[in-house]
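Below are the chains, spelled out letter by letter.
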Amino acid sequence: MIHGFLAQGAVKICMYRSCSLDNKVDPSLFPHLAAGLALDPVDEALPGGGLQRLELAIQRASEGLTRWQAGCFEQVSNVPLTGAEITLLLLIGSGGRAKTIKELARSTNRIDIPNIQYSLRKLASAGLTSKQGAGRSGVTYSLTADGEQVSQQMRGVRQRLLVQMLDGRSELARQLDRAAESLEELAELYSTATRLAEAKSEA
């Protein structure tokens, strides 16, 4: 069931390409987008059944999210950022407080700390974030005035082109909440399986 939620969400995310900032949408594109995201017949027989179909849906939704974020960011800034860097920017601006690199890594389930550090330096060079403190445990990152402005504009685009699609669709909102919970559990399963695989390879 979850892969259906994700595919449906990916369709909504990808719809931004047919939207302008005044929220005008070309409905004729919807069937084409849905068809493009549908699983090919060969996918039905993938080994692993539902799990592998879910993994493919996650990949598709992830690609759709990356394109959606990049499209939004292009509307509010000309700074060339990757999807991962846009995610870090938005995370730093969330919650109303500065973040440590460990918090950012944990929130994104990333272990490539050197790459995160590179992205943080890039955000700082662009004037979007600043660093406070010193030492391993004392360094935090927050948004500059320019970064806060860009973050707010991003939230505005998201509200107009994506979030409002959930208005009046309470059942879909509940389904997305359940899907998010299931994906968090799946992430833990992947972590456990990874540790087991690493232990086996070292034995």
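Residues numbered from 1 in each chain as written. Predicted model: local features only at pLDDT ≥ 70, side-chain atom pairs only at ≥ 80, totals over all residues. Heavy atoms only, no water.

**Comments concerning helix α6 (residues 113-125)**
Move 1: Along its 13 residues, α6 runs 18 Å from first to last C-alpha, staying within 8% of the 18 Å computed at 1.5 Å per residue.
Move 2: A positive backbone phi angle near 80° is found at Gly127, which sits one or two residues after α6. (Helix = DSSP H or I, 4+ residues; strand = E, 2+ residues; numbered from the N terminus. Expected span 1.5 Å × (residues − 1).)

**What about the nonpolar core?**
Move 1: Phe73, Leu120 and Leu123 are the most contacted members of the largest nonpolar core, which has 25 residues in total.
Move 2: Contacts of Leu120, omitting those with residues within four sequence positions, involve Ile92, Ile101, Leu104, Thr129 and Tyr141. (Core = buried A, V, L, I, M, F, W, Y, C linked by side-chain atoms within 4.5 Å. Buried < 20%, exposed > 50% of the residue type's maximum accessible area, 1.4 Å probe, protein only. Contact = heavy atoms within 4.5 Å.)

**Re the packing of helix α3 (residues 50-76) against helix α7 (residues 145-161)**
Move 1: One can describe the packing of α3 onto α7 by two numbers: an axis separation of 9 Å at closest approach and a directional angle of 120°. Classified by the angle between their axes, α3 and α7 sit oblique to one another. The handedness of the crossing between α3 and α7 is right-handed. For the pair α3 and α7, contact is made by Trp68, Gln69, Cys72, Phe73 and Val76 and by Val150, Gln153, Met154, Val157, Arg158 and Leu161, respectively.
Move 2: Here the residues of the contact of α3 with α7 sort into 8 nonpolar, 2 polar and 1 charged. (Axes fitted to C-alpha atoms, helices over the stretch in contact; angles between N-to-C directions. Parallel < 35°, antiparallel > 145°, perpendicular 65-115°, else oblique. Left-handed = near helix turned anticlockwise from the far one by under 90°. Nonpolar A, V, L, I, M, F, W, Y, C, P; charged D, E, K, R; others polar.)

**Quick look at the confidence of the model for the protein chain**
Move 1: Overall, the prediction assigns the protein chain a mean pLDDT of 79, with 74% of residues at 70 or greater.
Move 2: For residues 1-39, every residue scores under 50 in pLDDT, and the model assigns this stretch 61 contacts once sequence neighbours within four places are set aside. (pLDDT = per-residue confidence, 0-100.)

**As for the side chain of Lys99**
Move 1: Here Lys99 lies in the loop between α4 (83-93) and α5 (101-108).
Move 2: Lacking a salt bridge, the buried Lys99 has Glu103 as its closest oppositely charged neighbour, with an N-O distance of 6.4 Å.
Move 3: A polar contact of 3.3 Å, which involves the side chain of Lys99, links it to the backbone oxygen of Ile92.
Move 4: From its side chain, Lys99 meets the backbone oxygen of Arg97 in a polar contact 2.8 Å long.
Move 5: Setting aside residues up to four positions removed in sequence, Lys99 forms contacts with Leu91, Ile92, Ser94, Leu104, Val139, Thr140 and Tyr141. (Lys, Arg positive; Asp, Glu negative; His and termini not counted. Salt bridge = Lys/Arg side-chain N within 4 Å of Asp/Glu carboxyl O. Polar contact = N/O pair within 3.5 Å; in protein donor to acceptor, adjacent residues only side chain to side chain.)

**Some details on the pattern of salt bridges**
If charged atoms from side chains of opposite charge come close, those side chains can pair.
Move 1: Counted according to the given criterion, the structure contains 6 salt bridges.
Move 2: Between Arg97 and Glu103 there is a salt bridge, and its shortest N-O distance comes to 2.9 Å.
Move 3: Exposure remark for Arg97: the relative accessible area of 47% places this residue in the partly exposed category.
Move 4: With a closest N to O distance of 2.9 Å, Arg110 and Asp112 form a salt bridge.
Move 5: For Asp112, a relative accessible area of 26% gives the class partly exposed.

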